[in-house]
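Spelled out from the first residue to the last, the chains are:
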Amino acid sequence: MTVVEIKSQDQFTQLTTTNAANKLIVLYFKAQWADPCKSMSQVLEAVSEKVRQEDVRFLSIDADKHPEISDLFEIAAVPYFVFIQNGTIVKEISGADPKEFVKSLEILSNASASLANNAKGPKSTSDEESSGSSDDEEDETEEEINARLMKLVQAAPVMLFMKGSPSEPKCGFSRQLVGILREHQIRFGFFDILRDENVRQSLKKFSDWPTFPQLYINGEFQGGLDIIKESIEEDPEYFQHALQ
Ligand SMILES: N[C@@H](CCC(=O)N[C@@H](CS)C(=O)NCC(=O)O)C(=O)O
């Protein structure tokens, strides 16, 4: 069985965290009453046979049976696909679009395979107090971490580097910026810097900015919370303009 049918939130948490580093995780939200899900379920089964299981993990979620998971991803329609790489949402597809789905899967699963060969996964801890960096991270050269950061800041058009996750921010500043993005209905990918001490410290140099949250749009550093607030005050259409 290559597509795993999610039965509980615990199982979902386990499958999205355990051995997930450098794997592409594809979440497929569906509902029994939605006809387009029938064809997309078949597409998913077929393509899941063709990709290497060590590169991609497919999870199928009945949005009606698991509202707690659908709410986490703010699913308002089905079918809906969420692609996750190293704790970051890198792509979302709303609706039944097999072509778009297959294309995204090809691009992202290749990226996962090469990441698995080259890079290290994020640390599994999300504990704010944990400060030690692992041996693996110490091995990463400056060149390697910069290459990884370059990819990360471009992982989604809007990338938020924050403490914790949007559903569980671990700092008030990060929480506020998530609130602002949601208020402006901006879709964003995120990276929990508490899970990777090397990213946490190196991104400060990379962005030339000492704190988190940090927001990137189209690969360009925008600022922290105060800067984003000021930018919106100056230009209420700030996000639309920055995203152009
Ligand atoms: N005024 C700042 C607030 C952010 C801030 O002070 N963040 C601190 C505490 S959460 C931080 O990231 N410190 C560095 C670190 O924890 O590595 C902003 O506009 O973003």
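None of these values were measured; they are calculated from a predicted model. (Residues numbered from 1 in each chain as written. Predicted model: local features only at pLDDT ≥ 70, side-chain atom pairs only at ≥ 80, totals over all residues. Heavy atoms only, no water.)

**Q** Would you mind going over the site of the ligand in detail, with residue names and values included?
**A** Within the structure, the ligand sits among Lys-163, Cys-171, Phe-173, Arg-200, Lys-204, Pro-210, Thr-211, Phe-212, Pro-213, Gly-224, Leu-225 and Asp-226. Residue Lys-163 places a side-chain N or O atom 2.5 Å away from an oxygen atom belonging to the ligand. Contact distances for the ligand include 2.8 Å between an oxygen atom and a backbone N or O atom of Asp-226. Notes on the ligand: free accessible area 500 Å², of which the protein chains cover 76%. Mapped by element, the contributors of at least two residues to the shell around the ligand are helix H8 (197-207) and helix H9 (225-234). Classifying every residue of the shell around the ligand by side-chain character gives 6 nonpolar, 2 polar and 4 charged. (Near = heavy atom within 4 Å. Polar contact = N/O pair within 3.5 Å; in protein donor to acceptor, adjacent residues only side chain to side chain. Areas by Shrake-Rupley, 256 points an atom, 1.4 Å probe, with all protein chains shown as cover. Helix = DSSP H or I, 4+ residues; strand = E, 2+ residues; numbered from the N terminus. Nonpolar A, V, L, I, M, F, W, Y, C, P; charged D, E, K, R; others polar.)

**Q** Can you break down the nonpolar core residue by residue, with the values?
**A** Ranked by size, the top nonpolar core spans 38 residues in total, and within it Leu-27, Phe-29, Phe-73, Phe-83 and Phe-101 carry the most contacts. Contributing elements (two or more residues each) for this core: helix H1 (9-17), strand E2 (24-30), helix H2 (35-50), strand E3 (56-62), strand E4 (80-85), strand E5 (88-94) and helix H4 (98-118). Here this core gets 6 residues from one element, more than from any other, and that element is E2. Leave out the neighbours within four places in its chain, and Phe-29 touches Ile-61, Ile-69, Ser-70, Phe-73, Ile-75, Val-78, Pro-79, Tyr-80 and Val-82. By size, the runner-up hydrophobic cluster in this structure holds 17 residues, among which are Phe-190, Ile-217, Ile-228 and Ile-232. (Core = buried A, V, L, I, M, F, W, Y, C linked by side-chain atoms within 4.5 Å. Buried < 20%, exposed > 50% of the residue type's maximum accessible area, 1.4 Å probe, protein only. Contact = heavy atoms within 4.5 Å.)

**Q** Any chance you could break down the sheet that holds E5 for me, citing the residues and the numbers?
**A** Read across the open sheet, the 5 strands follow the order E1-E3-E2-E4-E5; overall the sheet is mixed. Taken across any chain shown, the strands that pair with only one partner, and hence form the sheet edges, are strand E1 (3-5) and E5. On average, each strand axis in the sheet is inclined to that of its neighbour by 20°, with strand direction left out of account. (Pairing = 2+ DSSP bridges. Axes fitted to C-alpha atoms, helices over the stretch in contact; angles between N-to-C directions.)

**Q** Residue-level account of the pattern of salt bridges, with values.
**A** Under the counting rule described, the total for this entry stands at 10 salt bridges. Across the pair Glu-5 and Lys-30 runs a salt bridge, and its minimum N-O distance is 2.7 Å. Here the residue Glu-5 occupies a position in strand E1, and Lys-30 occupies one in strand E2, the gap between them amounting to 25 residues. We classify Lys-30 as buried; its relative accessible area is 15%. One network of salt bridges, with partners in common, ties together Arg-52, Glu-54 and Asp-55. (Salt bridge = Lys/Arg side-chain N within 4 Å of Asp/Glu carboxyl O.)

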